[in-house]
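Coordinates in review
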Amino acid sequence: MTVFDDLVGQQGAVGQLQRAVAGAADFLSGGRGAGMTHAWLFTGPPGSGREEAARAFAAALQCADGGCGHCDSCHQTLAGTHPDMLYVRPSGLSFGVGATRDLVLRAGSKPSGGRFRIILFEDADRATEGASNALLKAVEEPSPRTVWLLCTPTPEDMLVTIRSRCRTVALATPNTRELADALVQRDGIDADTARSAAVASAGRIDRARQLATDPEARRRREEVLSIPVRLDGLGACVTSAARLYEIAEEESKALTTALDEKERGELRAAFGEGSTGKGVAKAVRGSAGAMKDLEERQKRRATRTKRDSYDRALLDLAAFYRDVLTLQLGARVELSTAERSGDLERVARAGTPESTLRRIDAIMQCRERIAANVHPQIAMEAMTSALLAG
């Protein structure tokens, strides 16, 4: 068992990372490091496991045995508590220059006990232009024992000057069999449920696990997939758009409520709430500023989580029409919404491949409008009207 064992369907990337880990000692002594370098760019489609791969690589670099998976260093890195690791995940829709400069300053310090000072920057493509320029300086002139791990969907999402200084690790989309096997072997899911979740996930291990373990997630997906056959007039378009918006809101609330309350409880406990003794009351009163900062971060995270929930719902809808197009063209490929075969056939008979492509374009345009800050429900109403028109 090693830290790389949980990376589903990424044999090529794992081999590349293991070779770098093997050369880490040479790299530390000033050698070429047999494939090791100070900056890495992890790329791949949503759900391919960019962050998981970067975290496993970080654990292997810190581990004296190259990522054994059972030592304290591996456990701390994977859990996010290693003292020489900086974990960065933008809580909002962007990551500003001020936060980046602070990150660069912290990244320059020497490791306190580990082999490297490692910065794992998830969603690095959310860095603003000013933030990217500040990051470039750190990547160009890194401290000797500092390693940057940047995660982004494609290399083109980063400044060309940054990506030219990074070694790219390209992650692939796992196939259905690989996802199903992982759910069975690692999560204890029964084979039929694992297979259904893997097919529906479109290659995303996180989505597959959610669908396999959360009945509410399956219910929300089924409701989204029922929308196309309900679009029989403008009234239905408005109603369906409103319900699609509500479904995404429900999902984002379910994802954030428990986490928000846990973080608030931990912060109150850190300031001594519920304790007794000299100075406790003063410390609790002094926590107001920290609580306000936490609430601001939680608001930004909630905004981002809502955007992600809208996107998941729209991608499920796009998958339905992709399967409609598959039937219309007679292509022999796996259908990700095969459980709705009756609806698929009905919509396929009622339209043409050209109209289906226009509907898929309308869904993609809705995603773009939401990303451009159009109110989601308004964007969805325009989309459902386009789906009706075909």
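Every value quoted in this text rests on a predicted model; they were computed, and no experiment measured them. (Residues numbered from 1 in each chain as written. Predicted model: local features only at pLDDT ≥ 70, side-chain atom pairs only at ≥ 80, totals over all residues. Heavy atoms only, no water.)

Another aspect to go through is the nonpolar core. Counting 33 residues, the largest nonpolar core has F4, M36, W40, F42, F57, L61 and L149 as its most contacted members. For this core, the secondary structure elements donating two or more residues are α1 (11-22), α2 (24-28), β1 (39-43), α3 (50-62), β3 (117-121) and β4 (146-152). Sort the elements by how many residues they give to this core and α3 lands first, with eight residues. Counting residues in hydrophobic clusters, the runner-up holds 29 residues, among them V224, A241, L317 and L387. (Core = buried A, V, L, I, M, F, W, Y, C linked by side-chain atoms within 4.5 Å. Buried < 20%, exposed > 50% of the residue type's maximum accessible area, 1.4 Å probe, protein only. Helix = DSSP H or I, 4+ residues; strand = E, 2+ residues; numbered from the N terminus.)

The next thing to look at is unusual backbone geometry. Here D123, not a glycine, exhibits a phi torsion of approximately 50°, which is positive. Topologically, D123 is positioned in the loop between β3 and α6 (129-140). In the Ramachandran plot, N373 falls in the positive-phi region, its phi being about 75° despite a non-glycine side chain. Here N373 shows up in the loop between α16 (353-371) and α17 (376-389).

To continue, consider the environment of E339. By secondary structure assignment, the location of E339 is in the loop between α14 (288-329) and α15 (341-350). Taking the C-alpha atoms as reference points, E339 and S196, 143 residues apart in sequence, are found 8.9 Å from one another. When sequence neighbours within four positions are dropped, the list of residues in contact with E339 reads R221, E222 and L225. In terms of polar contacts, E339 uses its side chain to reach the side chain of R221, at 2.5 Å. (Contact = heavy atoms within 4.5 Å. Polar contact = N/O pair within 3.5 Å; in protein donor to acceptor, adjacent residues only side chain to side chain.)

What the domain assignment lists for the protein is domain 1 (10-170), domain 2 (176-213) and domain 3 (234-270 + 303-389). Between domain 1 and domain 3, the C-alpha centre-to-centre distance is 33 Å. (Domains from an automatic or database assignment.)

Once that is clear, we can look at the sheet that holds strand β5 (residues 167-170). Strands belonging to one sheet form pairs held by backbone hydrogen bonds; the direction of such a pair is parallel or antiparallel. Pairing is parallel across the open sheet formed by five strands, whose spatial order is β2-β3-β4-β1-β5. The strands lining the two open edges of the sheet, one partner per strand, are β2 (85-88) and β5. The average undirected angle you get between the axes of adjacent strands in this sheet is 15°. As judged from the four bridges shared by β1 and β5, these two strands associate in the parallel manner. When the sheet's bridge partners are listed, L41 is paired in β5 with T168. The strands touched by α1 within the sheet are β1 and β5, with β5 carrying the most contacts at an inclination of about 145°. In this fold α3 packs onto β1, β2, β3 and β4, with an angle of close to 165° to the strand it touches most, β4. (Pairing = 2+ DSSP bridges. Axes fitted to C-alpha atoms, helices over the stretch in contact; angles between N-to-C directions.)

Quick look at the side chain of Q62 now. Inspection of the secondary structure assignment puts Q62 in helix α3. Looking at Q62, the relative accessible area reads 5%, which means it is buried. Within polar-contact distance, the side chain of Q62 engages the backbone oxygen of F116 at 2.8 Å. Sequence-distant contacts of Q62, defined by excluding residues within four places in its chain, comprise S73, T77, H82, D84, M85, G114, R115, F116 and I118.

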